[in-house]
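Spelled out from the first residue to the last, the chains are:
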2 protein chains.
Amino acid sequence: MKNYSRQREAIINVLRSTDIHPTAGWVYERVREVIPNISLGTVYRNLDQLSKSGEILSISVGDGYEHFDGNSSPHAHLHCRKCGRIADAPLKNDFLAAAALESGFIPDTSVYIVYGVCAECNAKEKEIN
Amino acid sequence: MKNYSRQREAIINVLRSTDIHPTAGWVYERVREVIPNISLGTVYRNLDQLSKSGEILSISVGDGYEHFDGNSSPHAHLHCRKCGRIADAPLKNDFLAAAALESGFIPDTSVYIVYGVCAECNAKEKEIN
DNA sequence: CCTAAACTAATAATGATTACTATTTTATTA
DNA sequence: TAATAAAATAGTAATCATTATTAGTTTAGG
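Residues numbered from 1 in each chain as written. Chains lettered and ligands numbered in written order. Predicted model: local features only at pLDDT ≥ 70, side-chain atom pairs only at ≥ 80, totals over all residues. Heavy atoms only, no water.

Here the focus is the overall build of chain A. Assigned secondary structure in chain A consists of five helices and five strands. Listed by position from the N terminus, the elements making up chain A come as α-α-α-β-β-β-β-α-β-α. Here chain A holds 129 residues, and the buried ones make up 42% of them. When contacts within chain A are restricted to residue pairs at least 6 apart in sequence, long-range pairs at least 24 apart make up 50% of them. Just so you have it, chain A exposes about 7300 Å², and 51% of that area is on carbon and sulfur atoms. (Helix = DSSP H or I, 4+ residues; strand = E, 2+ residues; numbered from the N terminus. Buried < 20%, exposed > 50% of the residue type's maximum accessible area, 1.4 Å probe, protein only. Contact = heavy atoms within 4.5 Å. Areas by Shrake-Rupley, 256 points an atom, 1.4 Å probe, with all protein chains shown as cover.)

Further remarks concern the protein's contact with DNA strand C. DNA strand C sits among 20 residues. The nearest are Tyr44(A), Glu66(A), Ser5(B), Thr42(B) and Arg45(B). Within 4 Å of the protein, atoms of DNA strand C come from sugar and phosphate in 82% of cases. A distance of 2.5 Å separates a phosphate oxygen of DNA strand C from a polar atom in the side chain of Ser5(B). Within the backbone of Asn37(B), one N or O atom sits 3.4 Å away from a phosphate oxygen of DNA strand C. Breaking the surface near DNA strand C down by element, the ones donating at least two residues are α3 (40–52) of chain A together with α1 (6–16) and α3 (40–52) of chain B. If you tally residues by element for the surface near DNA strand C, the top one is α3(B), at four residues. Along the lines of polarity and charge, the residues of the surface near DNA strand C split into six nonpolar, ten polar and four charged. (Near = heavy atom within 4 Å. Polar contact = N/O pair within 3.5 Å; in protein donor to acceptor, adjacent residues only side chain to side chain. Nonpolar A, V, L, I, M, F, W, Y, C, P; charged D, E, K, R; others polar.)

This part covers helix α1 (residues 6–16) of chain A. Among the residues of α1(A), Arg8(A), Ala10(A), Ile11(A), Ile12(A), Val14(A) and Leu15(A) are the ones counted as buried. Looking at the packing, one finds that the buried side of α1(A) touches α2 (24–32), α3 and β2 (66–69) of chain A.

A separate point is the side chain of Asn46(A). Tracing the backbone through its elements, the reader meets Asn46(A) in helix α3. Once residues within four sequence positions are removed from consideration, Asn46(A) is found in contact with Arg8(A) and Ile11(A).

What follows covers the protein's contact with DNA strand D. Taken together, 18 residues are adjacent to DNA strand D, and Ser5(A), Thr42(A), Arg45(A), Tyr44(B) and Glu66(B) come closest. The sugar-phosphate portion of DNA strand D accounts for 84% of its atoms within 4 Å of the protein, the bases making up the rest. With respect to DNA strand D, the backbone of Asn3(A) contributes an N or O atom lying 3.3 Å from a phosphate oxygen. The backbone of Glu66(B) places a nitrogen or oxygen atom 2.8 Å from a phosphate oxygen of DNA strand D. The greatest single-element share of the surface near DNA strand D, amounting to three residues, is contributed by α3(A). Of the residues that constitute the surface near DNA strand D, the class distribution is five nonpolar, nine polar and four charged.

A separate point is the packing of α1(B) against α3(B). Residues and elements named next belong to chain B. At a closest axis distance of 10 Å, the pairing of α1 and α3 adopts a crossing angle of 70 degrees. Here α1 lies roughly perpendicular to α3, going by the angle between them. Facing Gln7, Arg8, Ile11, Ile12 and Leu15 of α1, the residues of α3 in contact are Thr42, Val43, Asn46, Leu47, Gln49 and Leu50. Here the residues of the contact of α1 with α3 sort into six nonpolar, four polar and one charged. (Axes fitted to C-alpha atoms, helices over the stretch in contact; angles between N-to-C directions. Parallel < 35°, antiparallel > 145°, perpendicular 65-115°, else oblique.)

Set out below in structure tokens:
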């Protein structure tokens, strides 16, 4: 069903080495440092595959890019509207099930994104005014 | 700052009349029934504006489209991986603040999306097998 | 009525993502 | 260690949701 490829391994390694929740393009640039002639399509295909198999997480914050997270255990994301950063935040475990109680819906993953302004951007704002 | 326009009013009306969390394209088709020569760009611009001002909610489930929700009060969304439907689900109120406790992040909105399979799709699956 | 800011229709441009194709790699079996 | 089929890849072209542009129209306030 699924064969080994050093391209995929490199992609996973890059993802596991960061917590910035990168885009496909960012992953592509980093992987190129190891496999210079890797194709952008290969990066997209593998990220798609890995997120469908549950090994990684795919996150849409609505900034026009798909973001990826090597940590697929349940946690929330804090997305800063100003700098665009996506940070991790803890999440009570029983929440996923509780939210889906309704109507026979069978949950597998969840993405919880909190929009707002991060501490750093808030500090900069205060400096200016 | 913000002027009245009947295009924007029609867009809000369409959004408030449904709970399917439509895309810009869907809203466009519905508004055209009332204002036949409305421009798609106008729909996009207004939806963007309204979601930035907090009057509506913008939701990315990762299906390649941006979805919109006329109900901007905090609630979770159940996104079915098979039929693509997005349903509403209740959400404990204090959750938003709790998830953002960390590091001085100041939350404004949150989008909580649970991925899985809805009851209907699950029933169909059982019929087949 | 006048004016400036906000808005619109129509259309062109953008750019992230996906599709396609010929070639190469992987895993398996003899 | 060949032979083979499934899975992957590089490179490139195509897609299409969204954004930008522009000339003209509408709104609101004095």
